[in-house]
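Structural description and commentary
Listed below are the residues making up each chain.
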Amino acid sequence: MERFARQAADALSQVLPSPVSASALDVPPDTRLGDFAFPCFRMAKEARKSPADLAKELAGKLNEPGRLPDSLTAAAVGPYVNFTATKKAAMTSLLTDILAGPGIGDYGRKPTHRGTWIMEFSSPNVAKPFMIYHFRGTGLGACLDRVGRYRGFKMVSINHVGDWGTQFGKLYVATEMYGADLPADPKIVDLVKIYVKFHEAVKDDPTLEDRARAAFKRLEQRDPIVVANWEKCIEISMKEFNALYAKLDVKFDHVWGESFYEDKLRPLLAALKTADILVQSEGAWIANVTDEKGRELPPAIFEKSDGSTIYATRDLAAAIYRHEKYDFDRMTYVVGGEQKLHFQQLFSVLRQMGKDWVSKCEHVPTGLYRFKDSKMSTRKGNFVTLEDVWGMAKERVAALMTERGSNAGMSAPEF
Ligand code: ARG
């Protein structure tokens, strides 16, 4: 745009008694009116004319043949002469700059080290389908990650896969009960089926919950049989997730699932209890929390009454670990809007722990997917996966192509 401002100033200089420089130009508040504006007030005073009359007079002169380069148009708008760069000239100039740069794809790149930025995104759950709501965060996170790299940040992308928690106890019991129904090469959908079946069976036999809890305890204690089952679930899931990431061309520096922080949880809980940040309530250990303005929020559980840790406990350990390792300048969690409270609670506990770097952490909510009258639930079997949406998109495109008779020699697009 500087180039066009200079051209406008040159053209103006020809129709004025003395030359003006590009710095005499303003930017109109509404760019639909023009890219630059030359205010006529001062000059009108000297010439004893009204600024609007002078603007009209100057615009008239500028529009005489040969005065303005092809790249610009000029018009009087009240007391201003406004200049607009034509689309064609602006695009040509932009493309010329891009092509003249150090390499295509380097335009606007910032080489300087602008700090370390942790970008956590995607984070699907093992043994559960890759949902449409994971896709939005995956796209947005991957995009922010690329922009950050381009603009000179040391980016660290992390996939916080949900690979730990009491659901793996349930899954183990479900495998014990229905493992025979599983195909030789099970997919995530097969795991979901037995998981849903387990939940149906619990309705008739609540003791299954205790069995699941016991199985999770065994996992925590590294019982090889339960560990093998858990590892198998991870393997099945990651294979499918990785195929999706390959399709989407999304990469991570680290896939650090929730289980990665397992060995840090007990010492962390002990420290929180000593510091009185956790207090006991009905057998569980909870933290009283506030938002950043000090307004009270619902308390957050960090240890359940049966002694097990939860999602929030692992997030707390994860934040501290990442800060210790990277001393980051910024950490972004790209996660669905339904987890807003979770992150407020997490940040509150970090504040209470005196981790003032919490101010560098942010939750970027990616909106909320739900059905008209219910939320999505893996357990209840009502959900929409990314594959579902891809399938539907493909069908609709194919149907449209047939309908419009434009499919001669064309096949439906591959996703
Ligand atoms: N696995 C979670 C889910 O699918 C999302 C994890 C988001 N990240 C985090 N650090 N809590 O709901």
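The structure reproduced in this document is the subject of the present report. (Residues numbered from 1 in each chain as written. Predicted model: local features only at pLDDT ≥ 70, side-chain atom pairs only at ≥ 80, totals over all residues. Heavy atoms only, no water.)

Of all six residues making up strand β10 (residues 330-335), five are buried, and the element is well covered by its neighbours. Pairing between strand β4 (residues 116-120) and β10: four bridges, direction parallel. Each bridged residue has a counterpart across the sheet, and for Glu120 the counterpart in β10 is Tyr333. As paired strands, β10 and strand β11 (residues 361-365) are joined by five bridges and run parallel to one another. (Buried < 20%, exposed > 50% of the residue type's maximum accessible area, 1.4 Å probe, protein only. Helix = DSSP H or I, 4+ residues; strand = E, 2+ residues; numbered from the N terminus. Pairing = 2+ DSSP bridges.)

Close to the ligand lie Glu120, Ser123, Asn125, His134, His160, Tyr311, Asp315, Tyr333, Val335, Gln339 and Phe343, which account for all nearby residues. The contact in question runs from a nitrogen atom of the ligand to an N or O atom on the backbone of Ser123, over 2.9 Å. In the environment of the ligand, an oxygen atom lies 2.7 Å from a nitrogen or oxygen atom belonging to the side chain of His134. Considered on its own, the ligand offers 350 Å² of accessible surface; in the complex 91% of this is hidden by protein. The cavity that encloses the ligand is the largest pocket. (Near = heavy atom within 4 Å. Polar contact = N/O pair within 3.5 Å; in protein donor to acceptor, adjacent residues only side chain to side chain. Areas by Shrake-Rupley, 256 points an atom, 1.4 Å probe, with all protein chains shown as cover. 1 Å grid on protein atoms, 1.4 Å probe; cavity = no way out; pocket = protein on both sides within 12 Å on 5 of 7 lines; lining within 4 Å. Sits in = over half its atoms within 2 Å of the grid points.)

This next bit is on the packing of helix α7 (residues 188-204) against helix α8 (residues 207-220). Taken N-terminus to C-terminus, the directions of α7 and α8 make an angle of 130°; their axes are 7 Å apart at the nearest point. In terms of axis orientation, α7 runs oblique to α8. Residues Phe198, Ala201 and Val202 of α7 pack against Leu208, Glu209 and Ala212 of α8. Taken together, the residues of the contact of α7 with α8 break down into five nonpolar, no polar and one charged. (Axes fitted to C-alpha atoms, helices over the stretch in contact; angles between N-to-C directions. Parallel < 35°, antiparallel > 145°, perpendicular 65-115°, else oblique. Contact = heavy atoms within 4.5 Å. Nonpolar A, V, L, I, M, F, W, Y, C, P; charged D, E, K, R; others polar.)

A full pass over the atoms with the stated rule returns 17 aromatic pairs. Judged by centre distance (5.7 Å) and plane angle (90°), the rings of Phe41 and Tyr80 are edge-to-face. Of this pair, Phe41 sits in helix α2 (residues 41-47) while Tyr80 sits in strand β3 (residues 80-85), and the two are 39 residues apart along the sequence. With a relative accessible area of 28%, Tyr80 lands in the partly exposed category. Arranged with centres 5.6 Å apart and planes meeting at 65°, the rings of Trp164 and Phe216 form a pair that is edge-to-face. Highlighted residues: Trp164 in the loop between β5 (154-159) and α6 (167-178) and Phe216 in helix α8, separated in sequence by 52 residues. Residue classification places Trp164 among the buried residues on the basis of a relative accessible area of 1%. One aromatic cluster in this structure is built from Phe121, Phe130, Phe241, Tyr245 and Phe252. The ring of Phe260 has Lys264 sitting right over it, with the charged end atom 5.6 Å from the ring centre. (Phe/Tyr/Trp six-rings, centres within 6.5 Å; stacked < 30°, edge-to-face > 60°. Lys NZ or Arg CZ within 6 Å of the ring centre and 35° of its normal.)

So, on to the packing of α8 against helix α9 (residues 224-248). With their axes 8 Å apart at the nearest point, α8 and α9 run at an angle of 95° to one another. It follows that α8 is roughly perpendicular to α9 by the angle criterion. Of the residues in α9, those in contact with Ala215, Arg218 and Leu219 of α8 are Val226, Val227 and Trp230.

Geometric values such as these leave the question of function open.
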